[in-house]
Structure formats: C-alpha cells, structure tokens
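As a plain string of letters, each chain reads:
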Amino acid sequence: MTAVDPDEARRLLERELDRSAYDGAHVTWWDRASRSFLDWLGSLRADGLDSPVAARTALVIAIVVLVAVVVLVVVARGLPRRRARTAEDDTGGVFDDDDLRSARELQGAAQAALRRGDWSAAVLDGFRAIARGLGERDLVPDVPGATARTIATRGAVPFPAATAALDDAATAFDAVRYLGVDADESTARRVLDTERAVRQARPVRSPEPAVPA
C-alpha cells in the first residue's frame, strides 16, 4: 500500500466533504466532528513522534480512520435521498393479483371500513371501487398492474369534472398503500365521495381514447 502523508489525507477528506453533492446540507454534529478530525490530522507530523515505528503506526491509523470517515459521510448523506427517491417512485398496481371483487363489493367494504373508523382501509377499497367501476362500465380498460395515477388520468377522460377529485383520490391511495401514511377521516370521506360521484355521473363521450394509442 502506498503511504499517504497526513496533509494528503486531509486534502482527500476535505475534497470529499466539499463535493457539490453535499451543498446546502445543514451543519450537524457529524460535520463538526469531521472538521475536528481534520484539524487533528493536519497537526500530525512524523517528527513530533518518538520513533519511526510510532510515526508509521499513527499514519496507518489515520488512513484507516480517514477511509471510515469518508464511507460514513457517503452513507449518512447519500441514503436519505435514495430512500426519498424510492418512496416517490416505487408505486405499483391498484389491485392485488387475487382481488377479484366487484365494484359493489369494494364499495361495500369501503363503507364498512369507514363505519368502523379504519380510514386507511376505506381509502384503499374506495379507490379500488372507483377503478373497478370504471372497468365494469367499459370506460377505462381494466389493465392489470395499472397504477392509481394511470386510472385517475384515464378516468378523467369520461369524467372531466372529476379530474381534481380523481387526482386527489389517487394521491391518497398511493400515500396509504406505498408510503405507509395513515389516512384520516376527512381523506377517507373525500375518496368515498369521489367514488359515489363518479358512479352516479353520466360519462362524457369523447373522441379521445381513455388509453392513449
């Protein structure tokens, strides 16, 4: 292994800490600890130690600590962004593979969940009732794996007046199912109100297909 003197090690760590990927980060205890380590590393000189063996040992320790610090900095500052990006993007289909309930059954399950105060279940089954109802009326093809956002967008074609409500219901569904958010009563009631409004509304016949070609 090629020896790295303390000044070079200090420059490597400073360059890592000053990378643009870390711009805008708030100063934390970790930043202060890192800077303290840099100050100590800069003060380390072989001629200040009693023997060459001690100097070499101290240098090896410093290099090991440097590598550990760089790894921890990358992990500590990189993973939250990766988790946030995954939470935003990792959404799947509205229905489970074995969920063959009709729109009426889903609507009944959503109403039952609302009565017992299970707001999250009411949101999930309420939106599924919207999706199944659109499919049963041949307004939106029942595409396996279609996301809530896709169903809301396609449902807005025959029901343009419900565009905002469908978008809100899809957002609530994704938040509960994929982000682990606990729905509240007002959110559950909005989703069920949207389900009822879409179910009772007369669709607008449009030359624009529900599924873009």
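Residues numbered from 1 in each chain as written. Predicted model: local features only at pLDDT ≥ 70, side-chain atom pairs only at ≥ 80, totals over all residues. Heavy atoms only, no water.

**Concerning the overall build of the protein chain**
Part 1 of the reasoning: Secondary structure summary: the protein chain contains 8 helices and 0 strands in total.
Part 2 of the reasoning: The buried share among the 213 residues of the protein chain stands at 38%.
Part 3 of the reasoning: For the protein chain, restricting intrachain contacts to residue pairs at least 6 apart in sequence, the fraction spanning at least 24 positions comes to 74%.
Part 4 of the reasoning: Surface accessibility of the protein chain: about 12,900 Å² in total, with carbon and sulfur atoms responsible for 55%. (Helix = DSSP H or I, 4+ residues; strand = E, 2+ residues; numbered from the N terminus. Buried < 20%, exposed > 50% of the residue type's maximum accessible area, 1.4 Å probe, protein only. Contact = heavy atoms within 4.5 Å. Areas by Shrake-Rupley, 256 points an atom, 1.4 Å probe, with all protein chains shown as cover.)

**As for the packing of aromatic side chains**
The description of two aromatic rings rests on the distance between their centres and on the angle between their planes.
Part 1 of the reasoning: Counted according to the given criterion, the structure contains 1 aromatic pair.
Part 2 of the reasoning: Aromatic pair F127 and F173: ring centres 5.4 Å apart, planes at 40°, arrangement tilted. With F127 in helix α5 (residues 119-136) and F173 in helix α7 (residues 163-179), this residue pair connects regions lying 46 residues apart in the sequence. You'll find F127 and F173 in the same group, each marked buried.
Part 3 of the reasoning: The ring of F95 carries R132 above its face, with NZ or CZ at 4.0 Å from the centroid. (Phe/Tyr/Trp six-rings, centres within 6.5 Å; stacked < 30°, edge-to-face > 60°. Lys NZ or Arg CZ within 6 Å of the ring centre and 35° of its normal.)

**A few points about the packing of α5 against helix α6 (residues 148-155)**
The packing of two helices is summarised by the inter-axis angle and the distance between the axes.
Part 1 of the reasoning: Closest axis-to-axis distance for the α5/α6 pair is 11 Å, and the angle between their directions is 50°. As the angle between them shows, α5 and α6 are arranged oblique. α5 and α6 meet at a crossing whose hand is left-handed. On α6, the residues that touch F127, A131 and L134 of α5 are A148, I151 and G155.
Part 2 of the reasoning: Across the contact of α5 with α6, the residue classes break down as 5 nonpolar, 1 polar and no charged. (Axes fitted to C-alpha atoms, helices over the stretch in contact; angles between N-to-C directions. Parallel < 35°, antiparallel > 145°, perpendicular 65-115°, else oblique. Left-handed = near helix turned anticlockwise from the far one by under 90°. Nonpolar A, V, L, I, M, F, W, Y, C, P; charged D, E, K, R; others polar.)

**Structural notes on the confidence of the model for the protein chain**
Part 1 of the reasoning: Confidence along the protein chain averages 76 in pLDDT terms, with 56% of residues attaining 70 or more.
Part 2 of the reasoning: For the stretch residues 79-90, pLDDT sits under 50, and the model shows 6 contacts to residues farther than four places along the chain or on other chains. (pLDDT = per-residue confidence, 0-100.)

**A word on α6**
Part 1 of the reasoning: Listed as buried for α6 are A148, I151, A152, R154 and G155. End-on view of α6: buried residues confined to an arc of 170°, all on one side of the axis.
Part 2 of the reasoning: Buried residues along α6 sit against α5 and α7. (Arc of directions from axis to C-beta.)

**Quick word on unusual backbone geometry**
Part 1 of the reasoning: Although it is not a glycine, D138 adopts a positive phi angle of roughly 60°.
Part 2 of the reasoning: When you line up the elements, D138 lands in the loop between α5 and α6.
Part 3 of the reasoning: The class for D138 is exposed, based on a relative accessible area of 69%.

**Considerations on the layout of surface pockets**
Part 1 of the reasoning: The space that makes up the second largest pocket amounts to roughly 200 Å³.
Part 2 of the reasoning: Forming the boundary of the second largest pocket are 13 residues, of which A103, A129, G133, E195 and R199 lie nearest the centre.
Part 3 of the reasoning: Counting residues per element, the ones that place at least two in the lining of the second largest pocket are α4 (103-115), α5 and α8 (185-200).
Part 4 of the reasoning: Here the lining of the second largest pocket gets 5 residues from one element, more than from any other, and that element is α5.
Part 5 of the reasoning: Classifying every residue of the lining of the second largest pocket by side-chain character gives 5 nonpolar, 3 polar and 5 charged. (1 Å grid on protein atoms, 1.4 Å probe; cavity = no way out; pocket = protein on both sides within 12 Å on 5 of 7 lines; lining within 4 Å. Points joined across faces, edges and corners; volume = space filled by probe spheres on them.)

**Focus: the nonpolar core**
Part 1 of the reasoning: Counting residues in hydrophobic clusters, the biggest one holds 34 residues, and the most contacted among them are V94, V123, F127, L134 and I151.
Part 2 of the reasoning: Looking at this core, the elements with two or more residues in it are α4, α5, α6, α7 and α8.
Part 3 of the reasoning: Look past the residues within four positions of V94 in its chain and what remains in contact with it is F127, R128, A146, T147, A148, I151, F173 and R177. (Core = buried A, V, L, I, M, F, W, Y, C linked by side-chain atoms within 4.5 Å.)

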